[in-house]
Amino acid sequence: MKTYIYEGGFGIVAKSGVGSAIKHQKNMLKQADIEEAKSWKEADIVHINTVFPDSVLAACLAKMQGKKVVYYGHSTMEDFRNSFIGSNRFAPLFKKWICFCYGLGDIVITPTEYSKGLLKSYGIQKGKIYAVSNGVDTEFFQSRNKQKEKQELHEKYKIPMNRKVVVSAGHLIQRKGILDFLKLAKMMPETTFIWFGGGNDSLVTQEVKEAVKRKSENVIFAGYVEAEELRNAYCGADAFAFFSYEETEGIVVLEALACEVPVVLRDIPVYKGWIQDQMQAYKVHNLEEYKHNLMHIFKKEQEELKRNARELAEQRSIRSAGERLKVVYRLSGVNEE
């Protein structure tokens, strides 16, 4: 049985978590000894990751040809909200659309038990939804030399070596917590805050645009960077703060955990059951708690937290996710003739 990963619309999602997930799946197949089809024609199983019209056509064509369709449930109505201009108004329609899309799959794979629960609540057949992490490349996302990485980060962004640096990553949208990031930076003027990632300027809300214009001097917007530079930033920073209000998993969180940088994140349902407060990361509820925990990280070594974080990342490595995918293939029967 050969698996083909459909990449229609990849250019649109390449710089997003979905784009990363598609790349990870190719690695998963290799790690789990699942043969990847090089062309549509030779495929027995087709993975579909996006909910664009061409993806629906691809799913229908695959089913007509007797191929099994594995539809990845990366998106939910909840994480569609507060994303771009008009997203809240269209969220109910988006929910209906993704239910239609996912319904075309012989099975649906979603990254966490939390997102699995959301999809079940939409009325998607619960017997065909499986949770498989997007995975993280723990061989790539790890520190080579912390001191060197710290020095390179400070030099690249012209930050004095005696200043603490907090990094974050994501699209410039409200759901990712960009407004809170900017507010916290104003509360901590002695610390430098760097945001990695951007987005389509025409879709960014006016509120976010205005807030970005009024940013404090200790904020740097680095834009979208290649994986190597992002890895070095994780490793060279004093902390990684993630402000997102809604996720189906959060690949950048996995990357930061793998790089053993102390992580502070919002205590939202997706992390329940696998990230424990003060064990692998600090889970907080408001900006005062973000500030308190970051100050604690700056003052105290976090060796145990970082070890635990790395262990958790390894549990969700691409290799582990690939093995889980193989189990799902077997349980669901998609790899049977």
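The structure this text deals with has already been given above.
Residues numbered from 1 in each chain as written. Predicted model: local features only at pLDDT ≥ 70, side-chain atom pairs only at ≥ 80, totals over all residues. Heavy atoms only, no water.

Considering the sheet that holds strand β8 (residues 219-223)
Piece 1. Judged by pairing direction, the sheet is parallel, and its 6 strands sit side by side in the order β8-β7-β6-β9-β10-β11 without closing on themselves. Whereas interior strands pair on both sides, the edge strands pair on one side only; in this sheet they are β8 and β11 (282-284). Averaged over all pairs of adjacent strands, the angle between strand axes in this sheet comes to 25°, irrespective of strand direction.
Piece 2. Note: strand β10 (residues 263-266) against β11, 3 bridges, orientation parallel. Bridging across to β11, R266 finds its partner in V284.
Piece 3. Docked against the sheet, helix α11 (residues 251-258) engages β6 (164-169), β9 (239-242) and β10, running at close to 165° with respect to β9. (Pairing = 2+ DSSP bridges. Helix = DSSP H or I, 4+ residues; strand = E, 2+ residues; numbered from the N terminus. Axes fitted to C-alpha atoms, helices over the stretch in contact; angles between N-to-C directions. Contact = heavy atoms within 4.5 Å.)

Some points on helix α2 (residues 17-31)
Piece 1. An ideal rise of 1.5 Å per residue puts 21 Å on 15 residues; α2 measures up with 20 Å between its terminal C-alpha atoms.
Piece 2. Taken as a whole, α2 has its buried residues at V18, G19, A21, I22, H24, Q25, M28, L29 and Q31.
Piece 3. Looking at the buried side of α2, the elements it contacts are β1 (3-5), α1 (10-13), β2 (45-48), β3 (68-72), α11 and α14 (318-332).
Piece 4. Where α2 begins, the side chain of S16 points an oxygen toward the backbone nitrogen of V18, at a separation of 3.3 Å.
Piece 5. In the stretch just after α2, D33 is the one whose phi turns positive, near 60°. (Expected span 1.5 Å × (residues − 1). Buried < 20%, exposed > 50% of the residue type's maximum accessible area, 1.4 Å probe, protein only. Polar contact = N/O pair within 3.5 Å; in protein donor to acceptor, adjacent residues only side chain to side chain.)

What about the sheet that holds β3?
Piece 1. Taken in spatial order, the 5 strands of this open sheet run β1-β2-β3-β4-β5, and their pairing is parallel. Either end of the sheet is taken by a strand with one partner, and the two such strands are β1 and β5 (129-131). Here the average twist between neighbouring strands, direction ignored, is 25°.
Piece 2. In terms of strand pairing, strand β4 (residues 107-110) meets β5 through 3 bridges, oriented parallel. If you follow I109 over to β5, its bridge partner there is Y130.

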